[in-house]
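# Residue-level structural notes
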Amino acid sequence: MDSSRYGSRDYDAEGSALSTTPFFAGLPEAAVQQATAQAVTRRHPANQVLLLENDWGSSVYFILDGWVKIRTYNLDGKEITLNILGKGELFGEMAPLDEVPRSTDVMTLVPTVICNLPAQDFVQLIQTEPQAGIRLSQLMARRLRQVNRRLRLRESDSTSRVIDILLFLADGQGVVSAEGTEIPNLPHRELSSLSGLARETVTRVLNKLEKKDLLKRDRDIMRIPDIVALEKLLV
């Protein structure tokens, strides 16, 4: 195994930080301690591949800080971004449950801190703690709803498709502040891949939304002042 691919190792047990993620919140302390006893935290630079399609699932991964993208490729070899995940989210949970190779790649977008949980410990937790199983089901249901919504809008106009991606990011990664809902200010190439639109089209739509005060952009974040007003533009 190429250890550089998995980033620099910080320390062997990260149960305390891992237990504060939404997935573990409220679960019995003893069960959480047992499940996270062998967790390992690593720091990864931006643009590092964490998982490759067809890898076997030896770990489940929790994001303690940063952003990753889930990607695959179409028949022409074009990269397709399926999802963007941030702090507190998990990925890589399907392969250990199905006992099959992974179906997508995962790559960091920014410097990212990942906690690796051995797959057998994660599966054991799901099998013994009903609430953990419910949370995993809820997570999978939310992601499925997001994908279904995006598929329904594939034939919509460019404005609707970009707005849907913004709402998609707000649903998964949005942080509510006094000035609106903050989402990561992703490179336009990522928004292009998520929406299936040309990068130039994405840029044009974002500029239009900004001129209408429906979107504000800073260096690291985009801010949606009024989610309801943005949703009303969907056709």
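The shown structure was predicted, so the numbers you read here are calculated from the model rather than taken from an experiment.

We now examine the UniProt feature "domain: HTH crp-type" (unreviewed entry) in the protein. Per the UniProt entry, the sites bearing "domain: HTH crp-type" (unreviewed entry) are residues 156-228 in this numbering. In the segment residues 156-228, helix accounts for 53% and strand for 19%; the C-alpha atoms at its two ends are 19 Å apart.

Empty space among the atoms becomes visible once a probe the size of a water molecule is rolled across them. Its boundaries defined by the atoms lining it, the largest pocket holds a volume of some 600 Å³. Lining the largest pocket are 23 residues, with Glu 93, Met 94, Ser 103, Thr 104 and Arg 143 sitting closest to its centre. Secondary-structure elements contributing two or more residues to the lining of the largest pocket are strand S6 (79-85), helix H3 (94-98) and helix H5 (130-152). The leading source of residues in the lining of the largest pocket is H5, at 5 residues.

UniProt's entry tags residues 23-143 with the feature "domain: Cyclic nucleotide-binding" (unreviewed entry), counted in the numbering of this structure. The annotated region residues 23-143 carries 31% helix and 34% strand content, and the separation between its end C-alpha atoms amounts to 15 Å.

Okay, the packing of helix H4 (residues 119-128) against H5 next. Two elements in contact, H4 and H5, have axes separated by 5 Å at closest approach and are oriented at 105°. Overall, the two elements H4 and H5 adopt an arrangement that is roughly perpendicular. Residues Phe 122, Leu 125, Ile 126 and Thr 128 of H4 lie in contact with H5, whose contacting residues are Pro 130, Ala 132, Gly 133 and Leu 136. Class assignment of the residues belonging to the contact of H4 with H5 gives a composition of 6 nonpolar, 2 polar and no charged.

Read across the open sheet, the 4 strands follow the order S10-S11-S13-S12; overall the sheet is antiparallel. Every other strand in the sheet has two partners, leaving strand S10 (175-177) and strand S12 (216-217) as the edge strands with one partner each. Relative to the sheet, helix H6 (residues 158-173) contacts S10, strand S11 (180-184) and strand S13 (221-224), its axis offset from that of S11 by approximately 95°.

Here we take up the pairing of strand S8 (residues 105-108). Sheet faces and side chains relate simply in a regular strand, where the side chains alternate between the two faces. Alternating residues of S8 divide into Asp 105 and Met 107 and Val 106 and Thr 108, and every residue in both groups is buried. In terms of strand pairing, strand S3 (residues 49-51) meets S8 through 2 bridges, oriented antiparallel. Bridging from a neighbouring strand, Leu 51 pairs with Val 106 of S8. Here strand S5 (residues 68-73) runs beside S8; their pairing, made up of 4 bridges, is antiparallel.

Parameters at a glance
- Residues numbered from 1 in each chain as written.
- Predicted model: local features only at pLDDT ≥ 70, side-chain atom pairs only at ≥ 80, totals over all residues.
- Heavy atoms only, no water.
- UniProt positions renumbered as here; feature names shortened; annotations may be inferred.
- Helix = DSSP H or I, 4+ residues; strand = E, 2+ residues; numbered from the N terminus.
- 1 Å grid on protein atoms, 1.4 Å probe; cavity = no way out; pocket = protein on both sides within 12 Å on 5 of 7 lines; lining within 4 Å.
- Points joined across faces, edges and corners; volume = space filled by probe spheres on them.
- Axes fitted to C-alpha atoms, helices over the stretch in contact; angles between N-to-C directions.
- Parallel < 35°, antiparallel > 145°, perpendicular 65-115°, else oblique.
- Contact = heavy atoms within 4.5 Å.
- Nonpolar A, V, L, I, M, F, W, Y, C, P; charged D, E, K, R; others polar.
- Pairing = 2+ DSSP bridges.
- Buried < 20%, exposed > 50% of the residue type's maximum accessible area, 1.4 Å probe, protein only.

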